[in-house]
Amino acid sequence: MTEAGRRGLDKARTTLERALYGTALYRLSLRGRRPGALAFGPLDPWPGDAERGAALLGGVYAFAGASVTAPSTPPWRPDGVSERWLEAMHGFGWLRDLNMLNSGEARQAGRRLTADWIERCGTWDALAWRADVLGRRLVAWLSHSGLLLAEADHAAAEAHLASLAEQARHLGRVVTSGPDGAPRIAAVKGLLFAAVCLPGDDRGLAQAVALLEHELERQILADGGHEARSPAVQLSVFRDLVELRGLLAAARKPPCEILRVAIDRMAPMLRFFRHGDGGLALFNGSHEQDPALIDLALALGEAVGKSPSSAPHSGFERLLAHRTLIITDIGAPTARSAACAHGGTLSFEMSVEGQRMIVNCGAPTGDDQGWQDAMRATAAHSTAAIDDADMLELLDDGGLGRCPKRVVSNRLEDAGNIWIDASHDGYRDLIGLTHRRRLYLTADGDNLRGEDILSGGGGGDGAVGRFTIRFHLHPGVKASLTADGAGALLRLPNRQGWRMRVAGADLVIADSVYLGVAGARSRGEQIVLSGPLKGSATTIKWALSRVPAKEKKT
């Protein structure tokens, strides 16, 4: 089946679901034996945020870059919020923020909010009962059963357990009908938690384990990367798997070998995506993330594998020399990575001694379509664009139109020096061009040399079209033109200096924007190389070199 056909089938399924699941007859079918208690109460291994917990006590619900204030009635369906906001609200991950307060008031608020959800949202809703949202809610309720049940009266506890059982029954029926990819793993995770924690569900446990094994075989690539090609998704799925393995071990259930193997394979790739500051690279919808959280995830994963240098199946290369680190995207977007895909093929990020220097722009936290489109555009990445057109065409139905289909990369290492030679055809259908980028990092980490070659059509007599090559700078990096105007000087926060030299292009310093920290938008700068396309091939050479300490003083 084609991707368009699959999307059409999903739309038809959603229409059918709305007609069936909202009926009183279906709600009746969810009723069954009500558990008198949990068979097992897991603990949430992840820290919450006490500041967010305190805000929740005050009726402030801040998710996905938006804040809703509702001091009396919980805002389960407020106007003007994004789908991501609703997913977070109905997913109940914020229970860990309340739990961080460790107070009677916080426990009471958790019970009150959960009971209100059961009363107002306990019947089917397309988003609140969607498989992935439902899966995360079940995990949150079960992982915070101490907060929700320990001091609850008999009637409240009975209603809570009955709702858990009904939601688990529905999830067992729809677990594979929700969004694919990482959300599917979140749904299966919820099903597995319910099977372990609710009494007498051995059949559900076998179903959940089988589904998990199927999804891991399908979604985790041979090099350990997730099919979404997103560092943020890599971390999210890794955390889910670590939590699942911890659940099975704590509940004394048989270990799942494929789960262990997936964790062992994913951990090195998670390390692969980390910059010198411990945060994640900004490819395909990612934010930096909290380094302490990544450290915790890796520690709980107990995986000791080192970061690889090449990730050919995921489509990335990592160049490391004397604390100078470069991560570059040498992969093509696919239908299965469409939800996260950005137009950044051959873009790269660079950090030096724990400080980010060259970056991509990141991703917005909310669902503002204008910002979503802008951050997915080629211009938001440190790579080349032609006539400011995007190499990646995003269709209204969520699929991909014109995009790089053939990406070729070669790597060579010698005496610590590293070469990457890669190309993509994302502009072939638009203007008949292929973009080739060569990177060379010296063994001492003090010099990065680059060459961008735009070859094929688009040249002819004179100039047809223009190229633009961007190097977005982290907000902590300040740029200035050299005296001759043909280069730039970069100053890092630790006062370290780097010089850029260019041949074959005009150089200017322009404004940029940085959305690498979730919920924040910072001003930055970018170095822009531009010029006309000439003949059958246009070559632009550039170099970044560390400024010696003596030279900086003079």
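This text goes with the structure placed above it.
Residues numbered from 1 in each chain as written. Predicted model: local features only at pLDDT ≥ 70, side-chain atom pairs only at ≥ 80, totals over all residues. Heavy atoms only, no water.

### Points about the overall build of the protein chain
Within the protein chain, the secondary structure is distributed over 17 helices and 19 strands. Computed over its C-alpha atoms, the radius of gyration of the protein chain comes to 25 Å, within 12% of the 24 Å expected for a compact globule of 554 residues. Relative to its 554 residues, the protein chain shows a buried fraction of 52%. At a minimum sequence separation of 6, the contacts of the protein chain that also span at least 24 residues come to 68%. Surface summary for the protein chain: the accessible area is close to 23600 Å², and the carbon and sulfur share equals 51%. Charge-centre separation for the protein chain: the mean point of 65 positive side chains lies 2 Å from the mean point of 64 negative side chains. (Helix = DSSP H or I, 4+ residues; strand = E, 2+ residues; numbered from the N terminus. Rg over C-alpha atoms; globule rule 2.2 N^0.38 Å. Buried < 20%, exposed > 50% of the residue type's maximum accessible area, 1.4 Å probe, protein only. Contact = heavy atoms within 4.5 Å. Areas by Shrake-Rupley, 256 points an atom, 1.4 Å probe, with all protein chains shown as cover. Lys, Arg positive; Asp, Glu negative; His and termini not counted. Charge placed at Lys NZ, Arg CZ, Asp CG, Glu CD.)

### Quick notes on empty space enclosed by the protein
Enumeration over the complete set of coordinates arrives at 1 cavity of 30 Å³ or more. Computed from the structure, the largest cavity encloses a volume of approximately 30 Å³. Thr328, Ile330, Leu346, Ile420, Ala422, Arg437 and Leu439 are the residues that line the largest cavity. Listed by contribution, the elements that provide at least two residues to the lining of the largest cavity are strand E10 (417-427) and strand E11 (433-441). Of the residues that constitute the lining of the largest cavity, the class distribution is 5 nonpolar, 1 polar and 1 charged. (1 Å grid on protein atoms, 1.4 Å probe; cavity = no way out; pocket = protein on both sides within 12 Å on 5 of 7 lines; lining within 4 Å. Points joined across faces, edges and corners; volume = space filled by probe spheres on them. Nonpolar A, V, L, I, M, F, W, Y, C, P; charged D, E, K, R; others polar.)

### What about the environment of Leu20?
Here Leu20 lies in helix H1 (residues 3-21). On the basis of relative accessible area, Leu20 is assigned to the partly exposed category, the value being 43%.

### Details of the packing of aromatic side chains
The full count for this structure, using the stated rule, is 16 aromatic pairs. On the numbers, 6.2 Å between centres and 20 degrees between planes, the contact of Trp117 with Trp129 is stacked. Here Trp129 lies in the loop between helix H6 (104-121) and helix H7 (131-143) and Trp117 lies in helix H6, a separation of 12 residues in the sequence. Take Trp117: its relative accessible area is 0%, and that puts it in the buried class. Through pairs of rings, three or more aromatic residues link up here, namely Trp76, Phe92, Trp94, Trp117, Trp129 and Trp141. Over the aromatic face of Trp46 sits the side chain of Arg239, whose NZ or CZ is 4.4 Å from the ring centroid. (Phe/Tyr/Trp six-rings, centres within 6.5 Å; stacked < 30°, edge-to-face > 60°. Lys NZ or Arg CZ within 6 Å of the ring centre and 35° of its normal.)

### Quick notes on the pattern of salt bridges
What the rule picks out here adds up to 35 salt bridges. The closest approach of N and O atoms between Asp125 and Arg77, which form a salt bridge, is 3.7 Å. Of the two residues, Asp125 sits in the loop between H6 and H7 while Arg77 sits in the loop between strand E2 (66-69) and helix H4 (83-91), which places them 48 residues apart along the sequence. The exposure class assigned to Arg77 is partly exposed, which follows from its relative accessible area of 48%. One continuous salt-bridge network, built from bridges that share partners, spans Asp180, Arg184, Glu215, Arg218, Glu227 and Arg336. (Salt bridge = Lys/Arg side-chain N within 4 Å of Asp/Glu carboxyl O.)

### What about the nonpolar core?
Grouped together as the largest cluster of nonpolar side chains are 96 residues, with contacts concentrated most on Trp85, Trp94, Leu95, Leu192, Phe238, Leu241 and Leu259. The element that contributes the greatest number of residues to this core is helix H10 (residues 182-197), accounting for 11 residues. What Trp94 contacts, discounting residues up to four positions off in sequence, is Leu56, Phe63, Trp76, Ala88, Met89 and Leu113. Residues Phe348, Met391, Leu439 and Phe471 belong to the second largest nonpolar core, which totals 44 residues. (Core = buried A, V, L, I, M, F, W, Y, C linked by side-chain atoms within 4.5 Å.)

### Observations regarding the environment of Leu134
Turning to its location among the elements, Leu134 is positioned in helix H7. Overall, the relative accessible area of 0% leaves Leu134 in the buried class. Taking the C-alpha atoms as reference, Leu134 lies 37 Å from Ala379; in sequence the two are 245 residues apart. With near-sequence residues (within four places) excluded, Leu134 lies in contact with Ala128, Trp129, Gln167, His170 and Leu171.

### Notes on helix H9 (residues 154-174)
The terminal C-alpha atoms of H9, which comprises 21 residues, lie 31 Å apart, in line with the 30 Å expected from a rise of 1.5 Å per residue. A side-chain oxygen of the first residue of H9 lies 3.3 Å from the backbone nitrogen of Ala155; this N-cap is Asp153. (Expected span 1.5 Å × (residues − 1). Polar contact = N/O pair within 3.5 Å; in protein donor to acceptor, adjacent residues only side chain to side chain.)

### A look at the packing of H10 against helix H12 (residues 231-250)
At a closest axis distance of 10 Å, the pairing of H10 and H12 adopts a crossing angle of 15 degrees. As far as their axial angle goes, H12 and H10 are roughly parallel. Two packed elements cross with a definite hand, and for H10 against H12 that hand is left-handed. Packed against H10, whose contacting residues are Ala182, Ile185, Ala186, Lys189, Leu192, Phe193, Val196 and Cys197, the element H12 presents Val233, Val237, Asp240, Leu241, Glu243, Leu244, Leu247 and Leu248 at the interface. Along the lines of polarity and charge, the residues of the contact of H10 with H12 split into 13 nonpolar, no polar and 3 charged. (Axes fitted to C-alpha atoms, helices over the stretch in contact; angles between N-to-C directions. Parallel < 35°, antiparallel > 145°, perpendicular 65-115°, else oblique. Left-handed = near helix turned anticlockwise from the far one by under 90°.)

### Re the state of the cysteines
The full count for this structure, using the stated rule, is 0 disulfides. Cysteine Cys340 remains unbridged, with the sulfur of Cys403 as its closest cysteine sulfur at 15 Å. Unpaired in terms of disulfides, Cys361 finds its nearest cysteine sulfur in Cys340, a separation of 18 Å. Under the relative-accessibility criterion, Cys361 is labelled buried at 3%. (Disulfide = S-S within 2.5 Å.)

### Remarks on H4
Of the positions making up H4, those classed as buried are Trp85, Leu86, Met89, His90 and Gly91. The inward-facing, buried residues of H4 abut strand E1 (60-63), E2, H6 and H7. In the segment just after H4, Phe92 is the residue with positive phi, at about 65 degrees.

### Here we look at the sheet that holds strand E19 (residues 537-546)
Strand order in the open sheet formed by 8 strands is E9-E10-E11-E12-E19-E16-E15-E14, and the pairing between neighbours is antiparallel. Each end of this open sheet is capped by a strand with a single partner; those strands are strand E9 (407-414) and strand E14 (478-481). With strand direction ignored, the average angle separating the axes of adjacent strands in the sheet is 15 degrees. Relative to strand E15 (residues 487-491), E14 is paired through 4 bridges, and the arrangement is antiparallel. Across the sheet, residue Ser480 finds its bridge partner in E15, namely Leu489. (Pairing = 2+ DSSP bridges.)

### A closer look at the pairing of E9
Bridge count between E9 and E10: 8 bridges; the pairing is antiparallel. Its bridge partner lying in E10, Asn410 is registered against Asp421. The antiparallel hairpin formed by E9 and E10 contains 2 residues in its connecting segment, where Ala415 sits at a positive phi of about 55 degrees.

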